[in-house]
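If you want the building blocks of each chain, they are given just below.
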Amino acid sequence: MGNSDMAASAQKFVYAFGGGSAEGRADMKALLGGKGANLAEMANLGLPVPPGFTISTEVCTAYYANEKNYPEGLDAQMSEALRQVETVAGARFGEASNPLLVSVRSGARASMPGMMDTVLNLGLNDQTVEGLAQRSGDRRFAFDSYRRFISMYSDVVLGVDHADFEDILGGFKDERSYALDTDITAEEWQGLIARYKALVENETGDAFPQDPHEQLWGAISAVFKSWNGARAITYRKLNSIPEDWGTAVNVQAMVFGNMGDTSATGVAFTRNPSTGIKELYGEFLVNAQGEDVVAGIRTPQNITERARIEAASDAPSLEALMPETFAELSRTFDLLERHYRDMQDMEFTIQEGKLWMLQTRIGKRTAKAALRIAVDMAAEGLIGREEAVLRIDPASLDQLLHPTLDPEAKREVIATGLPASPGAASGEIVFDADEAERLKALNRRVILVRIETSPEDIHGMHAAEGILTTRGGMTSHAAVVARGMGKPCVSGAGSLRIDYQAGTLSVMGVLLKKGETITIDGSSGQVMRGEVATIKPELSGDFALLMTWADSFRRMGVRANAETPLDARTAREFGAEGIGLCRTEHMFFDSERIVAVREMIIADKLDARRAALAKLLPMQRNDFIALFEIMAGLPVTIRLLDPPLHEFLPQADHEIEEVAEQMNANPDTLRARIAELKEFNPMLGHRGVRLLISYPEIAEMQARAIFEAATEVARRTGQAPIPEVMVPLVASRAEFDVVKERVLAIASQVAEETGLVIDYSVGTMIELPRAALRAAEIAESADFFSFGTNDLTQTTFGISRDDAARFIGEYTSKGVFKMDPFISLDIEGVGELVRIGTERGRQTKPGLKTGICGEHGGDPASIAFCETVNLDYVSCSPFRVPIARLAAAQASLSKI
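Numbering of residues starts from 1 in each chain and follows the order in which that chain's sequence is written. With the structure being a predicted model, the display of local features is reserved for residues of pLDDT at least 70 and the display and counting of side-chain atom pairs for 80 or more, all residues being used for whole-chain, interface and lining totals. Processing note: side-chain calculations cover all non-hydrogen atoms of the structure and skip hydrogens and water entirely.

**Quick look at the overall build of the protein**
Next, step 1: Helical segments are the DSSP runs of H or I of at least four residues, strand segments are the runs of E of at least two, and each set is numbered from the N terminus. A count of helices and strands for the protein gives 36 helices and 34 strands.
Next, step 2: At 32 Å, the protein has a C-alpha radius of gyration in line with the 29 Å of a compact globule built from 896 residues.
Next, step 3: Summarising its shape, the C-alpha atoms of the protein cover approximately 105 × 65 × 55 Å along the three principal directions.
Next, step 4: When each of the 896 residues of the protein is scored for burial, the buried share is 55%.
Next, step 5: Restricting the contact set of the protein to residue pairs at least 6 apart, pairs at least 24 apart contribute 68%.
Next, step 6: Method for areas: the Shrake-Rupley scheme with a 1.4 Å probe, in which residue coverage is limited to the protein chains shown. Approximately 36,500 Å² of the protein is accessible, and the part contributed by carbon and sulfur atoms is 49%. Radius of gyration here is computed from C-alpha atoms only, and the compact-globule reference equals 2.2 Å multiplied by the residue count raised to the power 0.38. Exposure categories follow from relative accessible area, calculated using a 1.4 Å probe and restricted to protein chains: below 20% of the type maximum is buried, above 50% is exposed, and the middle band is partly exposed. In what follows, residue pairs with any heavy atoms lying within 4.5 Å of each other are defined as contacts.

**Digging into the confidence of the model for the protein**
Next, step 1: On a scale of 0 to 100, pLDDT captures the predictor's confidence in every residue. Looking at the protein, pLDDT values average 90 and 97% of them are 70 or higher.
Next, step 2: Confidence drops under a pLDDT of 50 for residues 1-9, and excluding neighbours within four residues, the segment shows 18 contacts in the predicted structure.

**What about the packing of aromatic side chains?**
Next, step 1: For Phe, Tyr and Trp, rings pair up if their centres lie within 6.5 Å, where Trp contributes its six-membered ring, and each pair is then called stacked (planes under 30 degrees apart), edge-to-face (over 60) or tilted (otherwise). What the rule picks out here adds up to 21 aromatic pairs.
Next, step 2: Here Tyr63 and Tyr64 contribute two aromatic rings whose centre-to-centre distance is 5.3 Å and whose plane-to-plane angle is 85°, an arrangement assigned as edge-to-face.
Next, step 3: Considering the side-chain rings of Phe149 and Tyr153, the 5.4 Å spacing of their centres and the 55° angle between planes classify their relative orientation as tilted. Pair noted here: Phe149 and Tyr153 are both in helix 5 (residues 139-158), with a separation of 4 residues, about one helical turn.
Next, step 4: Ring pairing ties together the aromatic residues Tyr63, Tyr64, Tyr70, Trp217 and Phe224, which thus form one cluster.
Next, step 5: We call a charge positioned above a ring when the Lys NZ or Arg CZ atom is no farther than 6 Å from the ring centre and deviates by at most 35 degrees from the ring normal. For the cation-ring pair, Lys354 lies above Trp356, with the distance from its terminal atom to the ring centre recorded as 4.6 Å.
Next, step 6: The ring of Tyr873 has Arg559 lying over it, and the distance from NZ or CZ to the ring centre is 3.9 Å.

**Things to note about the sheet that holds strand 10 (residues 281-286)**
Next, step 1: The strand order 11-10-9-12-13 describes an open sheet built from 5 strands, whose pairing is antiparallel. In the strand order of this sheet, the two ends are held by strand 11 (301-302) and strand 13 (354-362), each with one partner.
Next, step 2: As defined by bridge partners, strand 9 (residues 264-269) adjoins strand 12 (residues 344-351) across 6 bridges and the pair is classed as antiparallel. Bridge pairing links Ala264 to Ile350 in strand 12.
Next, step 3: Fitted lines through C-alpha atoms serve as axes, helices being fitted only where they are in contact, and the angles separating the N-to-C directions of these axes extend from 0 to 180 degrees. Running over the sheet, helix 13 (residues 323-340) touches strand 9, strand 12 and strand 13 and is turned about 30° from strand 13. The pairing criterion is simple: DSSP has to find at least two bridges between the two strands.

**Side note on the nonpolar core**
Next, step 1: Phe624, Phe628, Leu640, Phe707 and Phe785 are the most contacted members of the largest nonpolar core, which has 97 residues in total.
Next, step 2: The element best represented in this core is helix 27 (residues 696-717), accounting for 11 residues.
Next, step 3: Aside from chain neighbours lying at most four places away, what touches Phe624 is Cys582, Thr584, Met587, Ile638, Gln702, Ala705, Ile706 and Ala709.
Next, step 4: Among the nonpolar cores identified, the runner-up in size contains 68 residues, and Cys60, Leu216, Trp227 and Met259 belong to it. Residues grouped as a nonpolar core are buried Ala, Val, Leu, Ile, Met, Phe, Trp, Tyr and Cys residues, joined through side-chain atoms within 4.5 Å.

**Side note on a negative patch on the surface**
Next, step 1: The grouping of Asp155, Asp161, Glu166, Asp167 and Glu203 at the surface amounts to a negative patch.
Next, step 2: Tracing the backbone shows Glu203 in helix 7 (residues 186-204).
Next, step 3: The exposure class assigned to Glu203 is partly exposed, which follows from its relative accessible area of 47%. For patches, a residue must show more than 30% relative accessible area and have no salt bridge; joins then use 9 Å for like charges and 5 Å for nonpolar side chains, namely Val, Leu, Ile, Met, Phe, Trp and Tyr. Salt bridges are identified by distance alone: a Lys or Arg side-chain nitrogen within 4 Å of an Asp or Glu carboxyl oxygen. Charge counting treats Lys and Arg as positive and Asp and Glu as negative, with His and both chain ends excluded. Where a charge sits is defined by one atom per residue type, namely NZ (Lys), CZ (Arg), CG (Asp) or CD (Glu).

**As for the pairing of strand 32 (residues 784-787)**
When a strand is regular, its side chains alternate between the sheet's two faces.
Next, step 1: Both faces of strand 32 are covered, namely the face carrying Phe784 and Ser786 and the face carrying Phe785 and Phe787.
Next, step 2: Pairing between strand 31 (residues 761-766) and strand 32: 3 bridges, direction parallel. From the neighbouring strand, Met765 faces strand 32, where its bridge partner is Ser786.
Next, step 3: Bridging between strand 32 and strand 33 (residues 849-852) involves 4 bridges; their strand directions are parallel. Bridge pairing in strand 33 places Ser786 opposite Gly851.

**Details of the pairing of strand 33**
Next, step 1: Pairing geometry for strand 33 and strand 34 (residues 873-876), over 2 bridges, is parallel. What sits directly across from Ile852, in strand 34, is Val874.
Next, step 2: Whether a crossover is right-handed depends on one test, that the path from the first strand over the helix to the second runs clockwise when the strands point away from the viewer. One crossover worth recording links strand 33 to the parallel strand 34 by way of helix 35 (residues 860-868), and it is right-handed.

**Considerations on the sheet that holds strand 24 (residues 517-521)**
Next, step 1: Overall, mixed pairing links the 8 strands, which are arranged 15-25-24-17-18-19-20-16 in an open sheet. In the strand order of this sheet, the two ends are held by strand 15 (412-416) and strand 16 (418-421), each with one partner. Averaged over all neighbouring strand pairs, the angle between strand axes comes to 35°, with direction disregarded.
Next, step 2: Strand direction decides the pairing type here: strand 17 (residues 424-430) and strand 18 (residues 446-450), joined by 3 bridges, are parallel. For Val430, the partnering residue across the bridge sits in strand 18 and is Leu448.

**Focus on the pattern of salt bridges**
Next, step 1: As enumerated under the stated definition, the model contains 62 salt bridges in all.
Next, step 2: One network of salt bridges, in which partners are shared, links Arg140, Asp144, Arg147, Arg148, Lys173 and Asp181.

**Side note on helix 36 (residues 881-895)**
Next, step 1: Between its first and last C-alpha atoms helix 36 spans 21 Å; for 15 residues at 1.5 Å apiece the expected length is 21 Å, and the two agree.
Next, step 2: Helix 36 sits mainly inside the fold: 13 of its 15 residues count as buried. Multiplying one less than the number of residues by 1.5 Å gives the expected span of a helix.

**Remarks on unusual backbone geometry**
Next, step 1: The phi angle at Asn287 is positive, at roughly 55°, despite the residue not being glycine.
Next, step 2: When you line up the elements, Asn287 lands in the loop between strand 10 and helix 10 (290-295).
Next, step 3: Despite not being glycine, Leu729 shows a phi value in the positive range, around 60°.
Next, step 4: Here Leu729 lies in the loop between strand 30 (722-727) and helix 28 (733-754).

**Details of the side chain of Glu585**
Next, step 1: Within the secondary structure, Glu585 is located in helix 21 (residues 585-588).
Next, step 2: A relative accessible area of 6% places Glu585 in the buried class.
Next, step 3: Contacts of Glu585, omitting those with residues within four sequence positions, involve Arg639, Leu641, Asp642, Pro643 and Phe648.

**As for the environment of Leu32**
Next, step 1: Tracing the backbone shows Leu32 in helix 1 (residues 29-44).
Next, step 2: Spatially, the C-alpha atoms of Leu32 and Gly107 are 7.6 Å apart, while their sequence positions differ by 75 residues.

**Some points on helix 35**
Next, step 1: All of the buried residues along helix 35 are Ser862, Ile863, Phe865, Cys866 and Glu867.
Next, step 2: Contacts from the buried residues of helix 35 go to helix 34 (830-844), strand 33, strand 34 and helix 36.
Next, step 3: Residue Asn870 follows helix 35 closely and has a positive phi angle near 65°.

**Quick word on the side chain of Asp376**
Next, step 1: By the secondary structure assignment, Asp376 is in helix 14 (residues 367-380).
Next, step 2: In contact with Asp376, not counting residues within four places along its chain, are Arg271 and Gly276.

**As for the packing of helix 20 (residues 565-573) against helix 23 (residues 606-630)**
Next, step 1: It is the contact of helix 20 with helix 23, at a shortest axis distance of 9 Å, that shows an interaxial angle of 10°. When the interaxial angle is binned, helix 20 and helix 23 end up roughly parallel. Taking contact as the criterion, the partners of Pro565, Ala568, Arg569 and Arg572 in helix 20 are, on helix 23, Ala626, Leu627 and Ile630. Our angle categories are set so that under 35 degrees counts as roughly parallel, over 145 as roughly antiparallel, 65 to 115 as roughly perpendicular, and the remainder as oblique.

**A look at the environment of Ile55**
Next, step 1: Tracing the backbone through its elements, the reader meets Ile55 in strand 3 (residues 52-55).
Next, step 2: With 505 residues separating them along the chain, Ile55 and Ala560 place their C-alpha atoms 49 Å apart.
Next, step 3: Apart from residues lying up to four places away in sequence, Ile55 is in contact with Phe13, Val14, Leu74, Met78, Ile220, Phe224, Ala248 and Val249.

**A short note on the packing of helix 6 (residues 162-176) against helix 7**
Next, step 1: At a minimum axis separation of 10 Å, helix 6 and helix 7 run at an interaxial angle of 145°. Both helix 6 and helix 7 take part in a crossing whose hand is right-handed. Contact residues: Asp164, Phe165, Ile168, Leu169, Phe172 and Arg176 in helix 6; Glu188, Trp189, Leu192, Arg195, Tyr196, Leu199 and Val200 in helix 7.
Next, step 2: Residues of the contact of helix 6 with helix 7, tallied by class, amount to 9 nonpolar, no polar and 4 charged. The handedness criterion is simple: a crossing whose near helix is rotated anticlockwise from the far helix by less than a right angle is left-handed, and one whose near helix is rotated clockwise is right-handed. Amino acids are sorted into nonpolar (Ala, Val, Leu, Ile, Met, Phe, Trp, Tyr, Cys and Pro), charged (Asp, Glu, Lys and Arg) and polar (every other residue, Gly among them).

**Focus on the environment of Ala544**
Next, step 1: The topology assignment puts Ala544 in helix 19 (residues 542-553).
Next, step 2: Accessibility expressed as a relative area gives 32% for Ala544, which makes it partly exposed.
Next, step 3: Taking C-alpha positions, Ala544 is 34 Å from Ile758, a pair spaced 214 residues apart along the chain.

Written out as structure tokens, the structure is:
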């Protein structure tokens, strides 16, 4: 242990728990981590918790701030806490005849399952193992515990690969034809322990440490170091967990689930984490330690008899095997769920018939389960509707939009495993996490196929469409992580045989190679050969009910960015209240109309341009009719042509020849026009309002298409649409007024021609810093503002979004940016411009309608900011509309 020269102080670093009381509480997660805070809470509730102590997250912060030295005073506080544990446990740490053994576990304030290191059975050495054997009356158990400790400690603390120990053990079992670890005798374990210790000395140059206090400090340091390990860093990045939170360390007296047939260990949830159904859900193993359940080395047994029957398992349930302990567990689980008012994920050990609770935490769940649990708990009176809405992570709703298998589709089922995480996915077989990540970067869809996953596979799991494992249960690493990510997962498909070296997957005479396509169904556990058709999910039931509650609490409107009938219909299905951005240029790339667009661009006379635009007019009119009919009676914001004209023209020589032939034009004329339109920086060039001022006939054609379409739909349906004409890239009122004048003139002409007056408005996109600063002046003329935060981010930072990918990753990893500003709004800079633009605009026009229509409109953190600025609506891609509806409701509730 290294002590720094930090000044001694009365600061408390160590918090004891056990024996019916604790120095901590559930609300001290920032200091004690989730595990430590919940252990303290369970102890205070009088539940059977093995005694121990928590080293606070402040020690982790100090450890890294002081070159991996510990603060002064920690050693003395730990010694005192250890004495308290010895008193409650009735054993002494390091005493040969009556040894206290401890576990050392991490515990960050946010749950990070499997991401940091754990050491069990710490305190064993060549002397204390004999004391444990004598005390327990079971030499086999004692030496099994010692070999577990040596392999785990050596892997975590000394850097000896765990696989090397598994090779020794696997080879020994093969020699004697043993199927299970439990077949190995005490004497055989002693021989294996000697081989384990020899391996450690050979790999490290030092003998395996025998001093329990040295072991303890080694394990504590390893946990703190694992906070900045590769897998923990990846997990934090994926889950937006700040680095400066640090982790706590929990040191706790060991209880043993591997002391024979009256002992067991297990993991359980108070409700089903995949479906949300209120039922005790979990797995256990007789005569085992905790890591055996989640590691997938042995197939776990079901806790309840009902689950055993559903799984068609021959292995007895805990309910049947230990009915009294099962009843006590059920009472404990119910107490904890009612106390925390949320679904709990718990670890427990039964030592010779006595129940011990090792952990409780808020259980990770799928989005489907989260909705069911929130709605059910509101119905049960555990929580109110407001809390039910606040409980759901808006981003997790993405999971509900995952496709499911088409029940009519033909499927060739080759294996069935456990339905570990719902949803269906197809992709190429990959056996390696790095390969999965590489192929994902090439836009290839893959299924990660592993015997079992480990925390080192997390980046590959994130890249894959789904995960398939041959080992492990419903609470294995693969299952828990997949559910958290919203990825389909099938685990424990034991009939499959994987050969990593050959790159093959085989089952019942079927041989599949790396790169071949399979489909997995995480809702049924089926594994299928080839790609199986999928269908869109039904967003009804719990989803529909909770979204109704959310809409009742929501102040801001939610619209969609859409320009095709398919997008518009999808948006309406997801509850969009109109279109916040229709990008008309997307309509121009259609193969039938691109020729007319190009004719308009290369025309050198106004009459020729108008003739080309006349061909486009009926096409644009029909586009808008379709959108207006789908959005019946709802606002539709239509952005006039924005991109520079060169984007519609071919660039390569052979393309120029082809296009010239299609247009019946001279290729040289086309080349000359392309050269004329070429710009050094098109993003800041001749586009948006600048283009419409240069070519007012474009704005006139689009305005006529809009108003004629609106009139047609009003006549046909009796429901007048609400067109909102939006002028892009405005920097001054003068620019805006030039285009607005043309739009108003066309509106008057169409009203005169048709005899029907349509309500409409003309506003602008605020996507330049100058526009935000001059908002008071622009608002004198504009009817509404829509903040185009994609371009506003580019122009505020001076960063091209198309080129940003080259360095944004480096910026975020080095902490220059907390988040990619193109994904989550830069509140300090871009957000300040949105605030300024809104405030100044409303000073001039108090009722000014404002919204945002960039990709940020679907980002929950950005939506929360929009609520603070009192924007009227957000607009996002159709598939993010449910996310925006929920995030907007939560933002409203958070202001109350």
